[in-house]
Each structure stands twice: as structure tokens, then as C-alpha cells.
Amino acid sequence: MTGFAELCAASNFSFLRGASHPEELAMTAGALGLSGLAVCDRNSMAGVVRAHMAAKEVGLRFVPGCRLAFLDGTPDLIVWPQDRSAYGRLTRLLTTGNRRAPKGECHLVADDLAVLEEGFPMALVLPAGLPEADGVARVLTRLKGEFGKSVRLACSLPRGPSDRRRLQLAADLAEACGVPLLATNDVLYHAPGRRPLQDVVTCIRLHERLETAGRKLQVNAERHLKDAEDMSRLFDAAPRALRESLKILDEVSFSLDDLAYEYPEEPAGESATPQAELERLAEEGMRRRYPAGAPEKVKKAVAHELALVEQLQYAPYFLTVYDIVRFARSQGILCQGRGSAANSAVCFCIGITEVDPERADLLFERFISPERREPPDIDVDFEHERREEVIQYIYRKYGRERAGLAATVITYRSRSALREVGKVFGLSEDAIGALSGTVWGRSSAGTEDTQVREAGMDPADPLLTQMLACAKTLIGFPRHLSQHVGGFVITRGRLDEVVPIQNAAMEDRTVIEWDKDDLDSLGILKIDILALGMLSAIRKVLEMLRAEYDVDYSIASIPAEEPEVYDMLCRADSIGVFQVESRAQMTMLPRLCPKSFYDLVIEVAIVRPGPIQGDMVHPYLRRRQGLEQVSYPSKALEAVLGKTMGVPLFQEQAMKIAIVAAGFTPGEADKLRRAMATFRRVGTIGTFQTKMIEGMVQNGYERDFAERCFRQIEGFGEYGFPESHAASFALLVYASAWIKAHYPDVFCAALLNSQPMGFYAPAQLVRDAREHGVEVREADVNLSGWDAMLEPGMEAAKHLHRRHGEMKDVVRSTKAVRLGLRMVKGLREEDVKTIIALRGQGYDSIRDLWLRTGPVPAGDHASGGGGCLPLARARSAHGAVGSAGTGKGCLARSPAAVRHGPALPISGGNRMRTCRRCCPGAHVMADYRALSLSLKAHPVSFVRGALSEMRVLPCRDLDRIRSGRQVTVAGLVLVRQRPGSAKGVIFLTLEDEGGVANIIVWPKAFEKYRPLIMGARFLKVTGRLQSESGVIHVVADHVEDATPLLARLSDMSLENAGLARADEVRRPVIELSEKIKPASRLAQLVREVPELRQDLEPQVPKQTLKALPGGRNFH
Amino acid sequence: MVAKIRNAQRIICLTASARALGLRSGEALADARARVPSLLAEEATPREDALLLGFVADWCDRYTPLVAIDGDDGLFLDITGCAHLFGGEEALLADALDRLERQGFAVRGAIADTPGAAWAVARYGDGGSIAPGQQEEALASLPLAALRLDREAVEGLERVGLSRIGDIATRPRAPLANRFGPDPVRRLDQAFGREGEPISPRFAAPLIMAERRFFEPIGRMEDVSAVVLSLAGQLSDALERRVQGGRAFELALFRVDGAVQKLAVGTSRPLRVPKRILALFAEKLKADESVLDAGYGYDLVRLAVLEAQDEDPAQLDLGGQGVAEAEADLAGLIDRLGARLGLDRVTRLLPVDRHLPESQTALVPAAVVREDALAWTGFSSVVLGCDDLGLGASGEAGLLQTRQSSEVPLERPLRLLNPAEPVEAVAMVPEGPPLRFRWRRTLYRVVRSEGPERIAPPWWVGAPDAPPSTREGVTRDYFRIEDDAGRRFWLYREGLYARETATPRWYLHGVFA
């Protein structure tokens, strides 16, 4: 029997055509014993890397290929690059097609083929059925003329009505044109069982329902991978067509491994080689970092690293990153390396990272391992407002043909899959909506029976079963490619000869077709240029400190280890502080009580899925609070776990346990970690498990302990936090906390000017600043700029809120914050510039304002009338307009007026002085609408009288109440969170004029008051007070909607004014349960420590999303 | 009630109890569900709603022929000159509201000089009749929304403290128009009658109309016919006076419960003979007997001429030509047959876009078939756009072409056996053609065969031609067979060997002529 290689298989990267993952195709081809496989997606190379890696695992010969589809009616053409240069020509061809088409499309015409040059192996796909021979012959003749012997005619026999005639026609055509015939099955899926899904995706693509799609669907399930025997039966009349596939395999010598990466050349400066230059820079940096001479430990580390870098020839890569960082610094852009790069002493010396190797315990192998042979991964955070400058610098330096952004593969998640499949099955929008869960519904992979029942449907219904099964399989399928947040690829040669480039949705951006995992797999260099809002804020703080207080600090020179700063954090006074401002962190802070920098590192890392899954949070807390004896299984491990009281919390520790206790080499330990991260894909976990446990037992540890250790590392693999990363973040935590402690005015202004960022809305930031004694002044057309500014004010320390009383010696603020006009909703920066430019001695009335600024703000009337400046003025008549107002609101010129006659002179008589006198309450409401905050008063203060009559306590009095007492509080809803499962607890934060109250709603109460809790803006809650280590909660028994009280103030509704960004009703988060697969352990821990749940919510999603290999789950 | 607005399912209408839960219209259904999981939501049916409103409008024909539909839920009746027939405006309004309420509608109404004022008072005021010239007083205290302004305009005005119609009624007009565009001023003028606002009636008022009201409803068809005949007589007189004949007539039957049944007929020539007019309707009345449900009877019968034409005497004398034409017209034939046999029984074959051969046609009532549905669309054969490649056909390829086209066989028999008949066959496994088979106790020896053509039935449950779930092995392999006597058959094997079943069964699905 002859062999056969399937050379035309579409994966699901032929979006909504193929119905199998590339990995599935490769695995199945291997299992069927095919001689080779080529994954040829439609005008795309997006799936080949995945197939390549999977084929490698099963030992299958893999050929990357592409199916070219043309706009001009030419039948599809399959091409397989035979060598590296041919591959480059192909990717350039695809790039050309991509760049001239809108995002996600590729426009090719037959004339474009000229780039491919003679000898490029290719096959024309014989159109379905019995096509008109003439046309095919003409195309074939032309191709033959252009590309010579390498042209084939590919024929598939899909069991149609006249397959034998089709084969005869193909053979005749091939003979007549003098090209060989190639047998293929034109594969759409790896196994016949995927026919339903293929039908479904076809329907999705064509916007049809199954009922209406008719013969647009495949007639049978034949387009799966077939083994040589099946194929030779199909092609028994033309056995040569099968052998032709083997000939092509011989012809193609190219493998994706040939894309061996060459780093971009960096000028070696004064030195002879990049390595020498790196050594010089490291030496120089070491002197700068340690003016008193570097400690021995650091010297040794640097020497060790440099040797390794030389061995692996990574020096140019370090220089590339160094250059980018150097550029950012030269422009005054704050930046800081994060992630595993912070494990490198060299990175510290040359200024990429800020974690002092002397202070931290670095594990260089976590960063670079000789055995991994993967380029190191350096992530650098830049100020979010100025990251674009860095990106443009990279484009400038390397050119668009050498630099590009990595793609992110957007895959179907359970909701989108359910929605699309439901539509195809003809379910009503309503039914689909009910199934895919409400805002807070569960949406784990695969809808559960209970959920189906809740939606009022019968889970046993066969059609529904089919639908859910299809949706489940569709989860993880790629939908489209999107732009990665900051992953940059830089190549030495042309980038478009390495991978096709596409247009991105953003103008002026281009994206390659591979995502980060693909790049990793092939060992291609990438640098993450990330954006971090806190860096922007800190830069603004430092500038303001220089300008207003004449103190000059950098992040590094901020006085370290001040106990006052830690005291502040221990009181959970952390609104606005980087990373630890969320409510969960705020409940953790008083328990953990950080006293030193290292405690902050732990604080950052501990409320994460990794430690939680590994069941480490509780033991650590118990030991820290002295409730449990700190013990170590051995002396050797004491060195590893000493800093964290015997509980492993970081990835590095997990690796070190393997090294110290089980005798792994550092390289092996890193492999172990990565194997854990991908254990669903790779079957190597068993070996590691045996190796580690046996190793530990041999070294005298108890088997039980060894197994527990392994389980802990397992929990880490995917979601653990490297210590180096936590340390990088902790630096920013300390820096921002220090600023908040000493200069709350500067801190507040800088945060306001860096919005949107962080967890809280401006209203809370302003409130917090005021509680710290800072005077905050109204935005004012005559005084404010675009940004918030500092003005001479009073000493903040004398006006501290009782709660912050102990900070009176710490706070050094003497300025007041003048809010910026950027706070006014809908006002654009250019308009503000005009207003400021024309301000002169100030506007004396609103009329003056619009007479002088003219039609400037008119451009914005598209935003529904709320946007233009005069209108905003008029609306918040007594708010934003400040000094310009005459004390009573006047109607200014409207967009409509501008539209109807901008040059119209308006006489006094024509002016409308109609605004009725508003009561203060209405003022505040108007402020909330225009500015999302009000400095005059809190809306709740106007109804305090009524509330007192109802025996409602002000929130600020809660800390005087004994735990366990019944209390009633009322306030605006700031935060609504429901972490964990649908049966979970709801966390509400209510705000009144004096403070906030944290409410816990148990499921039973929630079900009772569901409409209120999820809908109302102003709530009255009665319940028991719980106080534990300074954290106060009210457990809700009774909930009441108090909105009608507020409604009396003004006709206007509050809408979402002032609501923090943590409202999950408005901004649903992706369910944790959807992303963390072994959810049971997590769920268990979360049951024990309910308050931990919420912390999983705000930060985790991005983190875990990154850690999850997209679309690689097999079923 | 929910509908899809701005890409989300939103609530558009609520019951009182839902409103009590704090739900509002305009809210996204998902949000509402999140708050009230037990919420019962119905997809809005705007088409049906519009239909119903149309019915109500038709019914209102009893008061005036000038009825206009206003938005999704309102009607304008121009009752100029009609009120006295019902005992005055107040009486007319009371009568209409009363009757509609008894039909189960929640209804509000008002009468005023202008549509705008009536609209405002009906929706935002207390209803009733506004005395002539009293609009300004009546409207002053109503909210601005009563002026039929869009939301932005209302909010804009409210933001500056103007919330009642009275607030802006006396205000200088120029700044108002400058500030908020021409709408508020125009609406104000319309409501106060300073600017005319015509309503656009649903139907043009008929040319000539005759009607009869009954105190005691009539129900029997004979009675209806008699009434129609007498009304036709009245029309005939009127037509004769105009030297015209009717080209289109409409019969409206007002049922006591509010339903209005309308029958319209067209004629191929102007007509005014009462009996012939009745005859036109008689066929309809008879044919529609099942449809025309007299219920509790009709209390108003109206016959109207919708279209008339100057009568051409030459056409009165009919030759056979017109009849022949009508017969040539297929639709005419279907109508005639349908009128006799029942329209359901006159059927045609319609192609259906499915893979299974037996489901590719459907018998449907001929009357509902549109000509364009008789062809499969979207399945033109592959067209190669190679001409623009600028390559001439080579001689060889041309040769291929001729050889190929002569050989394409008939893929399917013209008629299928329904259901396919089981046969016993001997065939090679796994997918070889039958070597011989026995059908209706005769053994056939296969000499030539072509296939298999593999057709898999739809896999999803609930497809009209999906296999019953009890059947295993349902993929079919069709073979075109020729036996030693030259007879050709279409056979299929049901079930893929090994993959689906161990013992595939064979069926004969058709015979090629």
C-alpha cells in the first residue's frame, strides 16, 4: 500500500469554515499514520504554528501551507513553501493581500502570484462537482507557464453524485495540461463527528439557521482526515495521485523550525561585540547602583548571568530592551520592568528593572534557562498616557517592516458560543439570553442542567442537548485575531518574511498573525510594552512635588521603609494606592499588617488564585498572627521558605523546593513549572510528579509532605505569581502609599489627572483627599485648566478627619486642589484650550464666555446635547461655572443656536433668564450629572433629617457600635460585587456624606431583595454589625430602596454618577470559574474565607487570561 | 413585552405589577432579569400590534371615514361634520370609548380643535372634549412631553427649568427656536391651531358609499346578500348619474363585537348592475363562508365604490376574447379552481432546499406560491471568471469541454418511489455497489453501476426530515444501477458499514425511465 499525506486541511483558523483545532488535525493525522500533514488555512498562516508544535509531539511530518482564495474567480490555490526564502515570499504575498483589505480580510488576485517565483510547489483546487473544464484548463495552463513543473491539480472526491466522472475529468485535465494530479480530501475537520459543528459554523458564517441553510451545508460527513487505505480506495483509478502527495513532501524541505530567530542587530557602541557592550553597561550600571561598591552576592550573580547570556547569545536582546528603556527615560517617561525579568541582576544594573538583587532572592533560571532555549521574556511597564511615544519610537527605529504587534486570538467563550449556536438552532433571543445567564449568571464552560432549568427549559430536550453540545465544542474556537495589548515582535530581517502582517482595527497599527504562544513556541523575540496608569500618576506627582513643594524625588529616591507609611496601610487607608486599594486588599491589609517592604511583596502576591488554589493563604495568615507554630520540614527548606514563614507563596519558591528538596537542576525546575502551566496539553506531568516525589523521599522527606508540595506547585503552575513580579509591583505600592501619606493633595490631583485608572471613581478620590484635610475647589472657567492643579491652601494636617487623626504629623500638604475642566462630562480638551486661551482677565458672565469663545464648543452637539460647554455650564449652573456665573443660571447659546446662526448678534432682550432658582439639593444633583461629584454636599446629606427619623445611622458612626448590634445605614451604592459562583455572597459598598459602609448580603437575603440590590442607586440596609480586626461589615437582613427620598431633591435621576468602576452590574467581569479550571479547590477555600472572593475579581481576569493558552483545550 | 432596540433586548411595555417592582420601560431585559429572575417576558410583536391597531382603525370607520393611525398606539379621527350623527361630540367620544372598553381595550380619548391638542389631552390630561378655542388653557398645565417633542428636547427644556407647556407658551419664540430648534415652536403652534396639521387618513374616503345600520344585528348570509343587493342598487343609481362604472368595490361588515370584515373585489371592466355587483361578492361570500364568521351578527353593512371609470359602452358587449385571456392566466385558473374546490386543495410542487431527495419538493397550496419561489436560488453552477485572465481557450481544452458535456448523466430519476422500497441486495463491503438485488420478488443482475453518492440526513433533532432517533445508521449511499436488460435503477444502502451499522439495509428509491 502506498503512503499518503493530506496536504490540504483547513483548521478552525479558516474562520467559520474549518471545524477542528490545528492540534486536533495534527494529532489525528499522526494517529491515522499519514505520511505527512499540511494545514492550509484560507489566506492565513495563523494556525500553522499550533499544528506544527502538535505534529512535533506526535512525530508527524508537518508542512506549513496556505490556501489562497482569490477575488477574481480563480479557483483556490494551495501552496507549500519549499524553503525559507519561498516561505518569505508567501508571507509577503499574504501581507500584501491583508494590507489592502479591511481588517480580517485578505484580497488577492491571480496577478499577485508573480511574487512566488518559479518552482513554488502549488496545486490548483478543482472546483466542486463537474466544473467547466475549459476554464480550469486555462488557469492551469497559465500557472504551468509561470511556475513550471511545480504546479499540480488537486482533486477531492467527496462522495458526490458523479465522483468517478469527476476523477476522470481531473485526470484528463491534468494530462491535457501536463501537470500531475494530487489526491486530497480537502479536509474541514479531523473526524466525521465534527460534521454538526461544521454545519453550525457554516450557518454562523452565512447568518443562516440550520433550518434555512439547506444545501449550503455539506451533504455528508466525508471531509475528515482519511488514512491511506481510505484514500487509495477513493482514488483506486488514479493511484499516482496519492503518490504525488509524497513527492511534494520530498520537495518541501522547509519547516517552521527554520525560522530560527535572529535578534535585531544593536549597535555595540564602543565595544567590539554586543556581549562586550552588555558587559560594559552592566559594569557601569553596577557602579551607579552601588556607589559604595557592589555586594559580593550581586557581583557573583552578574558574572553568572553574563556567562549564561554569552553562552546563549542573548546579548543583543538585552541591548534592544535597554535601548527602548533608555529612550523612554530620555523622554522623561517612567518605566519599570516587571515579571520574571526582575529576577535578573543584569537587568537591574542596566536599569530595566528596579528590584534590588541584594534585597530580594532572585532565581535567574526563572528568567533565562539554558535548557529552555526560549528567548527571555522581558515585560516593561510604561506610563499609560505616553506608551504610544515608545511604540512610535520602536516603529521609527526598526521600521514597520521589522517591528509589529503580536496578535491575540479572540476565542469563543461560553456566552458568545451559546449565543451564536443558539441563533443557528433558531432559539429566540430571549431564550438565548436566559440560557447564557443574566448579568450575574453562571457561565462556566458548558451550561449546567440547573441553569437550563432556571431558564425555564428542559435539559433533557434532545434539541437543547445537541445545541449545548455544539456550543461546548465551539468554546475555545478562534473567532478572529485582535491586537495584543503590547507584545512587540522585532526581527533582524523583514518581519513580513517571517509571518504575514494584517491591518489592526486601530489606524496606523499592524498586527502579525501569530499570538504570543506561537512566538514563544518558535522562539521569536518579543517585548511587552505595557501601559500602567499608576506610572503616569507617579510621574505627575513627582513633577508637582518639584514645582509646588520644591522637593525632588524619583521613584528610587523616595525615602524607604517609613513606618508611618506602613501604619497608614495597616489601617486600610489605601484608596488610590497601587494594587492594594480594592476592597479585598483593604480587608487583607489589617490582617496582614505590613511592616516592611517584603510584607508588601507578600500582600501583592497573596490574594491571587495561585496561593489560594494552593491553600496557602490561611496557613500563612495563621502563622503570621502567631496562631500557629512556624516550622520547616528541613533545614534546607528553611532557607527557601524562611521569608514566608514556611508557606510557599511564590513561583520561585516552588521551583526552589524542587531544586533543594528533590534534587532538580534549576533548568529542570523551570521545566517543571512550565509543564504545570500547560499540563493539559503536554503529557509530561506524570514524569515530573514521580521525579519530584521520589527525589524528595530519597532526600528524607515524608512522602505525604512531598505529595503536598507537589500539589502546591501544581496550583502555582498556571496562576502563581513570581516573587520578582510582586517585588516590582510592591515598589510602586510603597511609592504611591508614601505620596498618599505625605502629600494627599498632590496624590489626589495626579490621580484625577490620570483618569481613567484604578479602582475608584473621581468622587471617591476627592472625598478621600478631603478626609485627609485637603481643600478641593470647584472647577472654574476662570481659574481651572484642563487638569487639576494645586493652589495655595491651608495645612491639611489640621483638618484631618477623625478617622485619620493619627496622621497629623505625617501629612505635609499645604495646598488646595483646583479641579480641572476635564471633569466636566463631554467637554473636549481642544475646547478647554480655547476657553483658556481667550480667558484674558476672566469671563464676567456666561454670556461673556460664549460671546468670546464663539462657536467652539458646538462641535460636540452630536453627543446628545450634553456635551457642549455652555450647556454644561447652564446645567450645573452653579457648579462648574464658578466665578463666571452670576449666581443664578443663565441659558447660554446652544449648539442649535450655533447651528442656526453662529454669527447672530444676540441682544440682551433675546437672552433667556429663565432658570428657576434651584434648591441646594438640585444643585448637587446637577453637579453629579455634569461632574460625577459635588463639592458642595453629598446628596445623602439633604435627606439626613428624614433618615434620622428612620433611625438610620451615619456610616461614620459605625465604628462606635459594638459588634453584633442591629444597625440601619443608608447610602449611595458605590460597589456591587458578586464574586465566585451564583450562590455566592454579594458585597455592597454604600456611601453617605460621612463615610462608607461595607455591606454583606447573603444569598437568602439577596434573593429576597434582588431587584433592589441590583437596581437601586440609594439603599437603606438594616442588619447586624460585624467587626473583626478593624474591618467593619453590616450583614444585611432587610433592604429598602431609598431612591424616592432623593427624588424629592430634583427631577433628575442620578443615573450612574459617582459609581465606582467596580460595579459589576454595569461592568460584568468574566467569571473566575470560567477561567480557573480546577475550580473545586478554589471554591473550597473561598467558602472558608468568603472575603477573599472579591479580591479575585478586579485584578485576576487579565492575569489569568494571559496565563491560559487560548483555544488549546481538547475535548 | 420586550423588543430589540439598540442591539439589546429592552423592555418596551410593562404590567402594573412589573412597574411596582421598579422595572422601567427602556431597561435592558438582561438587567431586569438579573433583578427579577422570575420575570415573564414576551417578545413584542409589532406587526401584530400594528395589525390590531389597523383593525381598531377600521372599526372607527363607523364614526368617520377619515381615520389616521398615530404611531404605535394611537388613532386620529377627523370627526368634522360627523358628530351630530352621534348626538354631539361628547356623545360620540363617550360612545367610542365605551364600545372600545367593552372590547377589552384600555383606551383614552379627547376631542379638540387640533390634533395636537387632542393628543396632549388624551395622553397627558384628563381626556374629554376641549371647547373650541380653549386649547391654551387646557394644555398649560400639561408636561412638555405632551407636545410630541422628542426626549432630548424635553430634557433640554427641563434642564433650564421649563417643564410645562404653559412655561413656554408665552415665551418669546425666537430664542426658543434658536435654542431648541424649530420643533417646540412648531408643535406649540400645531396644538394651538396657529398652524394647520392635516392628518393622513388610513384609506382614501371612498368615491361613493352606501351603508345600512341595524338595531338588531343580522347574521345569515342570505340577509347579508339582500342588504348588499339593495346597497348595490343605491350605488348603481349614483354611478349612473356620473356615467361611470365601478372598477373596485369594497364591502365592509361591522360585527357587533367590533371586528370589521372587509371584502374587496375588482372588476375587469366598469360595472354598475346591482346583481352583477352582488354576484362578485356572492362567490367570495360563499367561498369565505368558513372564514367569514358572523359571530353575533353585523350591525352595520357598508358598500363602497373605491374606483370608478367612465363607462365605455363598447365594452359592455363582451366577446369571448377576455374570457380566453382569463383562462390563459394561471392565477385565474387557480382562483377558479380554488373557488370551487377550496384553495387548499389546489396545489403545486415547490422545490425545497434540502439534501435528502425525497424532501426536495413540497406540495403547497398553489395560491400561496410565488413564481420566484419555483426556482432554487443561490445554486448556480461554478462559474470560473477566467476570461479576465486574458487567456484564449486552447484547442485541447475545447475538446475536453465537448466530450464532457455529452456525458453528464441524469443524476436523479424524475419520479421517486415514496416511500423507498426495501430490496435484498448483495454488495461488497464496505462501500461497494450491489452485485444483484431482488425487488418485488424479481432478481436483477447489476452490470453497470455508478456511485456511491453519499447523502447524510440532517443531524439535528426537529429538522422536518431528520431521521427518527431510533434509527441507527442513516447515511445513504446512492448507486445508479443498470441491469443486464438495460434497466436503470436508483438504489441506496442505508447506514455506513462499520461506522454506523453492521448490517446496512438496501432500498430502491426510483427507476430511471
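Residues numbered from 1 in each chain as written. Chains lettered and ligands numbered in written order. Predicted model: local features only at pLDDT ≥ 70, side-chain atom pairs only at ≥ 80, totals over all residues. Heavy atoms only, no water.

### Remarks on the overall build of chain A
Filter applied, for reference: Strands here mean DSSP runs of E at least two residues long; helices mean DSSP runs of H or I at least four residues long; both are numbered from the N terminus. Classification of residues uses two cut-offs on accessible area relative to the type maximum, computed with a 1.4 Å probe and protein chains only: under 20% is buried, over 50% is exposed, and between them is partly exposed. Residues count as neighbours in contact if any of their non-hydrogen atoms are within 4.5 Å of one another.
Assigned secondary structure in chain A consists of 45 helices and 22 strands. Among the 1115 residues that make up chain A, the fraction classed as buried is 63%. Sequence-distant contacts, at least 24 apart, represent 74% of the contacts inside chain A between residues at least 6 apart.

### Observations concerning the overall build of chain B
Put simply, the test is: Accessibility throughout is a Shrake-Rupley quantity obtained with a 1.4 Å probe, and a residue counts as covered only by protein chains that appear here.
Looking only at helices and strands, chain B has 16 helices and 18 strands in total. Here chain B, with 513 residues, has 42% of them falling under the buried criterion. Partitioning the intrachain contacts of chain B with sequence separation of at least 6 by distance along the chain shows that 52% fall at a separation of at least 24. Carbon and sulfur atoms provide 53% of the accessible area of chain B, an area that totals close to 28200 Å².

### Remarks on the environment of leucine 93 of chain B
Residue and element names in this part refer to chain B. Within the element layout of this structure, leucine 93 appears in helix 4 (residues 89-102). Residue classification places leucine 93 among the buried positions, given a relative accessible area of 12%. Taking the C-alpha atoms as reference points, leucine 93 and glycine 109, 16 residues apart in sequence, are found 7.1 Å from one another. Those residues in contact with leucine 93, other than ones at most four positions away along the chain, are Gly109, Ala110, Ile111, Gly128 and Ser129.

### A word on helix 6 (residues 195-206) of chain A
All names here are of chain A. Where we set the bar: The span one expects for a helix is its residue count, reduced by one, times 1.5 Å.
End to end, helix 6 covers 16 Å across 12 residues, agreeing with the expected 16 Å (1.5 Å per residue, within 8%). Burial within helix 6 is extensive, with nine of its 12 residues counted as buried. Every buried residue of helix 6 is accounted for by Arg195, Leu197, Gln198, Asp199, Val200, Val201, Thr202, Cys203 and Ile204. Tucked into the core, helix 6 has its buried residues touching helix 7 (210-213), helix 16 (414-424) and helix 19 (462-474). Of the residues flanking the end of helix 6, it is histidine 207, one or two places downstream, whose phi is positive at about 55°.

### Considering the state of the cysteines
Residues and elements named next belong to chain A. Selection criterion: Two cysteine sulfurs form a disulfide in these notes if their separation is within 2.5 Å.
Across all of its chains, the model carries zero disulfides over all chains by this definition. The thiol sulfur of cysteine 106 is not disulfide-bonded, and the nearest other cysteine sulfur, from cysteine 66, lies at 7.6 Å. The thiol of cysteine 470 is not disulfide-bonded; the next cysteine sulfur, from cysteine 203, is found 10 Å away.

### Some details on a nonpolar patch on the surface
All names here are of chain B. The line we're drawing: Nonpolar side chains (Val, Leu, Ile, Met, Phe, Trp, Tyr) within 5 Å and like charges within 9 Å form the patches, drawn only from residues with over 30% relative accessible area and no salt bridge. Salt-bridge detection follows one rule: a side-chain nitrogen of Lys or Arg within 4 Å of a carboxyl oxygen of Asp or Glu.
Residues Leu330, Leu333, Leu337 and Leu341 make up a contiguous nonpolar surface patch of roughly 310 Å² in combined accessible area. Mapped onto the elements of the fold, leucine 333 is located in helix 15 (residues 330-341). Judged by its relative accessible area of 38%, leucine 333 falls in the partly exposed class.

### Quick look at unusual backbone geometry
Here the bond from asparagine 418 of chain B into proline 419 of chain B is cis, since omega is -5°, no more than 30 degrees from zero. Along the chain, the position of proline 419 of chain B falls in strand 13 (residues 416-427). In this structure, the amide linkage connecting glycine 451 of chain B to the following residue, proline 452 of chain B, adopts the cis form with an omega of 0°. With respect to the secondary-structure elements, proline 452 of chain B resides in strand 15 (residues 442-455). One non-glycine residue, leucine 16 of chain A, lies in the positive phi region at around 60°. Looking at where leucine 16 of chain A falls in the secondary structure, it is placed in the loop between strand 1 (5-9) and helix 1 (22-31).

### What about the pairing of strand 13 (residues 510-515) of chain A?
Residues and elements named next belong to chain A. Quick note on the threshold: The pairing criterion for strands is at least two bridges between them, as found by DSSP.
In terms of burial, strand 13 is largely enclosed, as six of its six residues are buried. As judged from the two bridges shared by strand 10 (residues 403-411) and strand 13, these two strands associate in the parallel manner. Residue pairing in the sheet places alanine 407 in a bridge with aspartate 515 of strand 13. The pairing of strand 12 (residues 501-503) with strand 13 spans three bridges and is antiparallel. Paired with asparagine 503 across the strands is threonine 510, a residue of strand 13.

### What about the pairing of strand 8 (residues 244-255) of chain B?
Residue and element names in this part refer to chain B. Taking burial as the measure, the 12 residues of strand 8 include 11 buried ones, the bulk of the element. Relative to strand 10 (residues 298-310), strand 8 runs antiparallel, the two sharing 11 bridges. The partner of alanine 248 across the bridge, within strand 10, is glutamate 307.

### Some remarks on the sheet that holds strand 16 (residues 789-792) of chain A
Residue and element names in this part refer to chain A. With mixed pairing, the three strands of this open sheet are ordered in space as 15-17-16. For this open sheet the edge positions go to strand 15 (776-777) and strand 16, each flanked by a neighbour on one side alone. With four bridges connecting them, strand 16 and strand 17 (residues 815-818) associate as antiparallel partners. Looking at strand 17, one finds that glutamate 791 is bridged to alanine 816.

### Regarding the sheet that holds strand 13 of chain A
Residue and element names in this part refer to chain A. For clarity, the threshold we go by: Fitting a line to C-alpha atoms yields each axis, with helices limited to the stretch in contact; the angle taken between N-to-C directions then spans 0 to 180 degrees.
Taken in spatial order, the seven strands line up as 8-9-14-11-10-13-12 in an open sheet, and their pairing is mixed. Looking along the sheet, the strands with just one partner apiece sit at the ends: strand 8 (335-338) and strand 12. Each adjacent strand pair in this sheet contributes to an overall mean axis angle of 45°, direction not counted. In the sheet, strand 11 (residues 478-490) pairs with strand 14 (residues 526-532) via three bridges, with the strands oriented antiparallel. Its bridge partner being in strand 14, valine 489 is matched across the sheet by lysine 526. Against the sheet, helix 15 (residues 387-398) engages strand 9 (378-383), strand 10, strand 11, strand 13 and strand 14, with an angle of about 80° to strand 11. Here helix 32 (residues 723-742) sits on the sheet in contact with strand 8, strand 9 and strand 14, set at roughly 150° to strand 8.

### Some points on the packing of helix 24 (residues 597-606) of chain A against helix 32 of chain A
Residue and element names in this part refer to chain A. Under the convention used in this document: Note on terminology: angles under 35 degrees are roughly parallel, angles over 145 are roughly antiparallel, angles of 65 to 115 are roughly perpendicular, and the others are oblique. The hand of a helix crossing depends on one turn: near helix anticlockwise from the far one by less than a right angle means left-handed, and clockwise means right-handed. Basically, the charged four are Asp, Glu, Lys and Arg, the nonpolar ten are Ala, Val, Leu, Ile, Met, Phe, Trp, Tyr, Cys and Pro, and anything else, Gly included, counts as polar.
Where helix 24 meets helix 32, the axes come as close as 8 Å, and the angle between the chain directions of the two elements is 115°. In terms of axis orientation, helix 24 runs roughly perpendicular to helix 32. Here helix 24 runs over helix 32; the crossing is right-handed. Note on element contacts: helix 32 touches helix 24 through Glu723, Ala726, Ala727, Phe729, Ala730, Leu731, Val733 and Tyr734, opposite Phe597, Tyr598, Leu600, Val601, Val604 and Ala605. Split by residue class, the contact of helix 24 with helix 32 holds 13 nonpolar, no polar and one charged.

### Concerning the confidence of the model for chain A
Residue and element names in this part refer to chain A. Let me state the cut-off plainly: pLDDT measures how confident the predictor is about each residue, on a scale from 0 to 100.
For chain A, per-residue confidence averages 78 on the pLDDT scale, and 81% of positions sit at 70 or higher. Contacts of residues 438-446 to residues separated by more than four positions or lying in other chains number 40 contacts, the stretch itself having pLDDT below 50. Confidence drops under pLDDT 50 across residues 1055-1115; counting only partners more than four residues distant or on other chains, this segment forms 165 contacts.

### Quick notes on the side chain of lysine 526 of chain A
Position of lysine 526 of chain A relative to the elements: it lies in strand 14. Those residues in contact with lysine 526 of chain A that lie beyond four places of it in its chain are Tyr317, Asp377, Phe488, Lys516, Leu519 and Asp520 of chain A.

### Section: the packing of aromatic side chains
The condition that has to hold: Aromatic rings from Phe, Tyr and Trp, taking only the six-membered ring of Trp, are treated as a pair when their centres fall within 6.5 Å; an angle between ring planes under 30 degrees marks them as stacked, one over 60 as edge-to-face, and anything in between as tilted.
Applying the stated criterion across every chain yields a total of 26 aromatic pairs over all chains. Their ring planes at 55° and their centres at 6.2 Å tell us that tryptophan 738 of chain A and tyrosine 743 of chain A sit as a pair that is tilted. Accessibility classification places tryptophan 738 of chain A together with tyrosine 743 of chain A in one group, the buried group. Measuring from ring centre to ring centre gives 6.4 Å for tryptophan 439 of chain B and tyrosine 444 of chain B, while their planes differ by 40°; the resulting arrangement is tilted. In this structure tryptophan 439 of chain B comes out as buried when scored by relative accessible area, which is 10%. A relative accessible area of 10% means that tyrosine 444 of chain B is categorised as buried. Counting every residue linked through ring pairs, the aromatic cluster contains Tyr549, Tyr553, Trp738 and Tyr743 of chain A.

### Observations concerning the pattern of salt bridges
This structure, assessed with the given rule, holds 83 salt bridges over all chains. Here aspartate 599 of chain A makes a salt bridge to arginine 624 of chain A, at a shortest N to O gap of 3.0 Å. Here aspartate 599 of chain A, found in helix 24, pairs with arginine 624 of chain A, found in helix 26 (residues 617-624); they are 25 residues apart in sequence, far enough to count as distant. By relative accessible area, aspartate 599 of chain A is classed as buried at 10%. Beyond isolated ion pairs, a larger network of salt bridges with shared partners links Arg159, Glu222, Lys226, Asp230 and Arg233 of chain A together with Glu431, Arg454, Asp477, Arg493 and Arg499 of chain B.

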